[in-house]
Amino acid sequence: MKMVSFKLVGSLLTCAIAFSTAIVRAQAGGYNQPYRPQVHFSPLEHWTNDPNGLVYFRGEYHLFYQFNPFGDEWGHMSWGHAVSRDLLHWQQLPVALPEQNGEMVFTGSVVVDRKNSSGFCAPGTECLVAVYTGHRTAGEVRQTQNIAYSRDDGRTWTRYSGNPVLDLHRRDFRDPSVSWDEKAGHWLMAVSLPSQHKIRFYSSPNLKEWTQLGDFGPAGNVKGAWECPDLLHIPGENGKRGIWALKVGINPGAPQGGSGEQYFLGDFDGKQFTQAKTPGSYGWTNYGKDDYCAISFNGLAKEANPILLGWMNNWQYASKLPTSPWRGQMSLPRRLSLWRDHAGLALVQKPVIAPLRAGHWDVSTTKGSNLVGEQQAPFELDLQFGRPSEPVFGIRLYSDGEHWTEIGFDRSKKEFYIDRTRSGIAITPDFPSRTTARLITSRPYDLRVVVDRSSIEAYAQGGTIAMTDLIFPASQSSRIVVFSASGKAIPVRGDLWALHSVWGNRIKRTTK
Ligand code: FRU
């Protein structure tokens, strides 16, 4: 009898353990596929493109995003929603703004209405207001600007009965970026007229009535549609004067092929943006192929450095990514600052990643070795090359004997580059690429790389060059090797960090 009950308790216990292990496995499996990003946000399932409505409110960062709740291809565009307390660990919430009555919810922003200027908040409180493009396909295609509000920290939304709030009777008029203009004491909108290559500015006292201000453009690259504008104020370093940055997405026609993001640095007088004449006042927020429609967070402290986050993808092959059951992921959040030197200006991007650092290795190659180590993604590598006399040098990330990605400095061509032509699966003919940025030889030859299971974010020359490229490698492990054109060992000072998975998955740590 005793024996039976012991057995029974034993098997019940085994069942309970098996059941809870299954739950744990199911939860972990949800974010543990071979190409599933471990330090970047991706939805549990289905399609995503642009980030939308980035805002910090009551201790939470909100990430809304273009989302198809019904499948892994673009369509039924709605706003998905996730929240985080540290910009890295995201919790996905139910869809915030679904497609409704044949109108899709395209890209836009969310603001904190601190003084209840809209009248949408409960009396005496602040609330969130979303400004988005409604894309109507019934009858003639029409894009208009619309608003909705939330009184419960973004969990539920009510559309304004007076929508649309801006209608130019156009088929392309989209992606409103709204912020509070402290100096003028009103709301400011930058919105795109894609085929005219113009960003138009509007002001409003209450988010409902809008008055046209100035236009910017055509300027810079006009080979494709202009989309996803963002106007940002970048504070100056050490109390120096700051500068305005106007960021404009372009698709197709970007220099690396397909979608890209150009920026202009200059002045905004409250109505109009004017590009500065200083060298470096025109550049690209991403010199790789895969960071598009980045926007910045609203609701940060006054004069805080803006934080930009983009969609790590390119319209050339976005629908072909070999991932399931999700398709699409976001870049790391990046803090922006300004670089000023004799060569001119540049936008600096620094990824928010340090809180995820786990094991650390000093990988300085003082003993003449070319092997930095071996590490399973995700990991971060920071290298300073000093001033090597070699014309071409950098690192190779090997995922096996036949597959590697090269990240390097080519001094003879004055280029920084990522070559992913041998990185793994080449999903379409547009995918294999060697993406480049112009090197400024007087700036430091440093390199910070964040490698996740299907992406590389590289920051070179003090973060003045940001290059993001997707990769679909043969394995998750990477042998990291410093190389030079002549094959000679070159001195490198460096740090390698294993990174924690934000989904709690175990990362194997291996190093030399
Ligand atoms: C850019 C974009 C936006 C638009 C959204 C639709 O990727 O084309 O201009 O609002 O995607 O999903």
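Every value quoted in this text rests on a predicted model; they were computed, and no experiment measured them.

Novice: How do you make sense of the confidence of the model for the chain when you look at a structure like this?
Specialist: Any region with low pLDDT has predicted coordinates that should not be read closely. Of all residues in the chain, 93% attain a pLDDT of 70 or more, and the chain-wide mean is 92. Every residue in residues 1-28 is under pLDDT 50, and counting partners more than four places away or in other chains gives one contact.

Novice: Could you clarify how one ought to interpret the sheet that holds strand β22 (residues 344-351) in this entry?
Specialist: To summarise the sheet geometry, strands pair through backbone hydrogen bonds and adopt either a parallel or an antiparallel arrangement. Pairing is antiparallel in the open sheet, where four strands are placed in the order β18-β19-β21-β22. At either end of the open sheet lies a strand with only one pairing partner, and these are β18 (292-296) and β22. Strand-to-strand twist in this sheet, taken as the mean axis angle between neighbours without regard to direction, amounts to 40 degrees. Two elements, strand β19 (residues 307-311) and strand β21 (residues 334-341), share two bridges in a ladder whose sense is antiparallel. Opposite Leu 308, over in β21, you have Arg 334 as the bridge partner.

Novice: Please clarify how the pattern of salt bridges should be interpreted in this entry.
Specialist: Oppositely charged side chains can form a pair if their charged atoms are brought close together. Scanning all chains against the criterion turns up 21 salt bridges. Note that Arg 174 is salt-bridged to Asp 175, the shortest N-O span being 4.0 Å. You can call Arg 174 buried: its relative accessible area is 12%. Put simply, Arg 357, Glu 380, Asp 382 and Arg 448 are held in one network by salt bridges that share partners.

Novice: Explain the packing of aromatic side chains to me, please; I cannot follow it from the model alone.
Specialist: When we look at a pair of aromatic rings, we describe it by the centre distance and by the angle of the planes. This structure, assessed with the given rule, holds 35 aromatic pairs. For the pair Tyr 61 and Phe 297, a centre-to-centre distance of 5.5 Å together with 85 degrees between the ring planes defines the contact as edge-to-face. Of this pair, Tyr 61 sits in strand β2 (residues 60-68) while Phe 297 is found in the loop between β18 and β19, placing the two residues 236 residues apart along the sequence. Of the residues examined, Phe 297 reaches a relative accessible area of 5% and is grouped as buried. Three or more aromatic residues joined by ring pairs make a cluster, and in this case those are Phe 216, Trp 226, Phe 264, Phe 273, Tyr 282 and Trp 284. Stacked on the ring of Trp 497, the Lys or Arg Arg 357 has its end atom at 3.7 Å from the ring centre. In this structure, Arg 396 packs its charged tip against the face of Phe 483, placed 4.4 Å from the ring centre.

Novice: How should the environment of Pro 378 be read in this particular structure?
Specialist: Considering the arrangement of structural elements, one finds Pro 378 in the loop between β24 (371-376) and β25 (379-384). Judged by relative accessible area, which is 0%, Pro 378 ranks as buried. Placed 99 residues apart in sequence, Pro 378 and Ser 477 show a C-alpha to C-alpha distance of 9.3 Å. In contact with Pro 378, not counting residues within four places along its chain, are Gln 38, Val 39, Val 451, Asp 452, Ala 498, Leu 499, His 500 and Ile 507.

Novice: Is there a simple way to think about the pairing of strand β3 (residues 78-84) in this case?
Specialist: If a strand is regular, its side chains alternate between the two faces of the sheet. When you tally the buried positions in β3, you get seven out of seven residues, the bulk of the element. With seven bridges connecting them, β2 and β3 associate as antiparallel partners. Note that in β3 the partner of Leu 63 across the bridge is Ala 82. Here β3 runs beside strand β4 (residues 90-97); their pairing, made up of five bridges, is antiparallel. Paired with Ser 84 across the bridge in β4 is Trp 90. In sequence, β3 turns back onto β4 through a hairpin of five residues, with Leu 87 there showing a positive phi of about 75 degrees.

Novice: Can you help me understand the site of the ligand in this one?
Specialist: The immediate surroundings of the ligand are formed by Asn 49, Asp 50, Gln 66, Trp 74, Phe 106, Thr 107, Arg 174, Asp 175, Glu 227, Tyr 292, Cys 293 and Trp 315. In this structure, an oxygen atom belonging to the ligand sits 2.6 Å away from a side-chain N or O atom of Asp 175. Trp 315 has a polar side-chain atom sitting 2.9 Å from an oxygen atom of the ligand. Here the ligand, which alone exposes 320 Å², has 95% of that area covered by the protein. Of all the elements in the fold, those that place two or more residues in the shell around the ligand are β1 (46-57), β5 (103-113), β9 (174-181) and β18. Looking at the shell around the ligand residue by residue, the classes come out as five nonpolar, three polar and four charged.

Novice: Can you help me understand the side chain of Arg 174 in this one?
Specialist: As for its placement among the helices and strands, Arg 174 is situated in strand β9. Setting aside residues no more than four positions away along its own chain, Arg 174 makes contact with Phe 106, Thr 133, Gln 143, Gln 145, Val 191, Ser 192, Pro 194, Ala 225 and Glu 227.

Novice: Looking at this structure, how should I read the pairing of strand β7 (residues 142-150)?
Specialist: Across the nine residues that make up β7, a large majority, eight, are buried. Here strand β6 (residues 127-136) runs beside β7; their pairing, made up of nine bridges, is antiparallel. Along β7, the bridge assignment pairs Gly 134 with Thr 144. Both β7 and strand β8 (residues 158-159) contribute to a ladder of two bridges, which runs antiparallel. Looking across to β8, one finds that Ala 148 is bridged to Arg 159.

Novice: Which parts of the structure should I look at to understand the sheet that holds β9?
Specialist: Reading across the sheet, the four strands line up as β9-β10-β11-β12 and stay open at both edges, with antiparallel pairing between neighbours. One side of each edge strand has no neighbouring strand; the edge strands of this open sheet are β9 and β12 (211-216). In this sheet, adjacent strand axes meet at a mean angle of 25 degrees when their direction is disregarded. One ladder, built from six bridges, connects β9 with strand β10 (residues 186-193); its direction is antiparallel. Each residue of the ladder has a partner; that of Val 178, found in β10, is Met 189.

What counts, and where the lines are drawn
Residues numbered from 1 in each chain as written. Predicted model: local features only at pLDDT ≥ 70, side-chain atom pairs only at ≥ 80, totals over all residues. Heavy atoms only, no water. pLDDT = per-residue confidence, 0-100. Contact = heavy atoms within 4.5 Å. Pairing = 2+ DSSP bridges. Helix = DSSP H or I, 4+ residues; strand = E, 2+ residues; numbered from the N terminus. Axes fitted to C-alpha atoms, helices over the stretch in contact; angles between N-to-C directions. Salt bridge = Lys/Arg side-chain N within 4 Å of Asp/Glu carboxyl O. Buried < 20%, exposed > 50% of the residue type's maximum accessible area, 1.4 Å probe, protein only. Phe/Tyr/Trp six-rings, centres within 6.5 Å; stacked < 30°, edge-to-face > 60°. Lys NZ or Arg CZ within 6 Å of the ring centre and 35° of its normal. Near = heavy atom within 4 Å. Polar contact = N/O pair within 3.5 Å; in protein donor to acceptor, adjacent residues only side chain to side chain. Areas by Shrake-Rupley, 256 points an atom, 1.4 Å probe, with all protein chains shown as cover. Nonpolar A, V, L, I, M, F, W, Y, C, P; charged D, E, K, R; others polar.

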